[in-house]
Amino acid sequence: MAYWLIKSEPDAYSWAQMQQDKRTHWSGVRNHQAAGNLRAMKIGDLAFFYHSNVGKEIVGIVEVAATAYPDPSDETKKFVMVDVAYKKSMPKPVTLAQMKSEKSLANLQLIKQSRLSVVPVRAEEWQKIMALGGLK
DNA sequence: GCCAACGTTGGC
DNA sequence: GCCAACGTTGGC
């Protein structure tokens, strides 16, 4: 099983909305590298839900519920989307500042490539962030 | 095919 | 509001 981190601006689609919807189409990705990550997702993979711009923190966890399929909102037919389902909220949101101050998270793709909206997370990074967020 | 100009994302 | 990073577009 793989781990990921997906970003959303809360003004566009917030965690509160995700909790309400329970499941949503993760559409609108228009970057080939991010799309490649979407294609690599498997059912049951977990992803952190990160609020970019406003908040700049990981607020929850979602589970991949459908693997990549064509994004109908993309006229070029090149991009895909996945479905994700609400899993749980972070008892304590983990901020970007917190992650940057952790030496063990120095290689986070989120930090190294801040503009990418779908990034992989290593297992050890996942565990570390879970602990920071008050889970397990 | 190169590269300058421009647009977008996202942190500060 | 500014700026760095980086992707895309279009002229040549």
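Up top is the structure.
Worth saying up front: this structure is predicted, and the values here are computed from it rather than measured. (Residues numbered from 1 in each chain as written. Chains lettered and ligands numbered in written order. Predicted model: local features only at pLDDT ≥ 70, side-chain atom pairs only at ≥ 80, totals over all residues. Heavy atoms only, no water.)

*Asks:* I keep staring at the overall build of chain A and nothing clicks. Help me out?
*Replies:* For chain A, the count of helices and strands is five helices and six strands. Taken from N to C terminus, the helices and strands of chain A fall in the order β-α-β-α-β-β-β-α-α-β-α. Relative to a compact globule of 136 residues, whose C-alpha radius of gyration would be 14 Å, chain A shows 14 Å and is just as compact. When its C-alpha atoms are laid out on the principal axes, chain A stretches across 40 × 30 × 30 Å. Within chain A, the proportion of its 136 residues that are buried is 46%. In chain A, of all internal contacts separated by at least 6 residues, the share reaching a separation of at least 24 is 69%. As presented, chain A carries roughly 7200 Å² of accessible surface, and 50% of it is formed by carbon and sulfur atoms. The distance from the centre of the 19 positive side-chain charges to the centre of the 13 negative ones in chain A is 6 Å. (Helix = DSSP H or I, 4+ residues; strand = E, 2+ residues; numbered from the N terminus. Rg over C-alpha atoms; globule rule 2.2 N^0.38 Å. Buried < 20%, exposed > 50% of the residue type's maximum accessible area, 1.4 Å probe, protein only. Contact = heavy atoms within 4.5 Å. Areas by Shrake-Rupley, 256 points an atom, 1.4 Å probe, with all protein chains shown as cover. Lys, Arg positive; Asp, Glu negative; His and termini not counted. Charge placed at Lys NZ, Arg CZ, Asp CG, Glu CD.)

*Asks:* What is the right way to read the protein's contact with DNA strand B from this model?
*Replies:* Around DNA strand B, the neighbouring residues are K7, Y50, S52, N53, K56, L96, K100, S114 and R115. For DNA strand B, the fraction of atoms within 4 Å of the protein that belong to sugar or phosphate moieties is 75%. Between DNA strand B and the protein, one listed contact pairs a phosphate oxygen with a side-chain N or O atom of K100 at 2.4 Å. Take R115: an N or O atom from its side chain is 3.0 Å from a base oxygen of DNA strand B. The residue makeup of the surface near DNA strand B, split by class, is two nonpolar, three polar and four charged. (Near = heavy atom within 4 Å. Polar contact = N/O pair within 3.5 Å; in protein donor to acceptor, adjacent residues only side chain to side chain. Nonpolar A, V, L, I, M, F, W, Y, C, P; charged D, E, K, R; others polar.)

*Asks:* Whenever I open this one, the pairing of strand β3 (residues 46-51) confuses me. Can you help?
*Replies:* The side chains of a regular strand alternate between the sheet's two faces. Where burial is concerned, most of β3 is hidden: six out of the six residues are buried. The alternating pattern of β3 places L46, F48 and Y50 and A47, F49 and H51 on opposite faces, both of which are buried. Bridge count between strand β1 (residues 3-8) and β3: six bridges; the pairing is parallel. Note that in β3 the partner of K7 across the bridge is Y50. In this sheet, strand β4 (residues 57-70) lies alongside β3 in antiparallel orientation, the contact comprising six bridges. Each residue of the ladder has a partner; that of F49, found in β4, is G60. Here β3 folds back onto β4, and the loop between the two strands holds five residues, one of which, N53, carries a positive phi near 65 degrees. (Pairing = 2+ DSSP bridges.)

*Asks:* Teacher, can you tell me more about the pattern of salt bridges here?
*Replies:* Proximity of charged atoms lets side chains of opposite charge pair with each other. Summed over all chains, the structure comprises five salt bridges. In this structure, K128 and E102 form a salt bridge, with 3.5 Å as the shortest nitrogen-oxygen distance. Taken together, the residues K128 in helix α5 (residues 123-132) and E102 in the loop between α3 (96-101) and α4 (109-112) connect sequence positions 26 residues apart. Of the residues examined, K128 reaches a relative accessible area of 30% and is grouped as partly exposed. (Salt bridge = Lys/Arg side-chain N within 4 Å of Asp/Glu carboxyl O.)

*Asks:* Please clarify how the packing of aromatic side chains should be interpreted in this entry.
*Replies:* The relation between two aromatic rings is expressed through the spacing of the ring centres and the mutual angle of the planes. According to the stated counting rule, one finds six aromatic pairs in the structure shown. Seen in terms of ring centroids, Y3 and W126 are 4.4 Å apart; in terms of plane orientation they differ by 20 degrees. Their pairing is stacked. Of this pair, Y3 sits in strand β1 while W126 is found in helix α5, placing the two residues 123 residues apart along the sequence. We note that Y3, like W126, is buried. Taken together, a centroid distance of 3.8 Å and an interplanar angle of 15 degrees make the contact between F48 and W126 stacked. Highlighted residues: F48 in strand β3 and W126 in helix α5, separated in sequence by 78 residues. (Phe/Tyr/Trp six-rings, centres within 6.5 Å; stacked < 30°, edge-to-face > 60°.)

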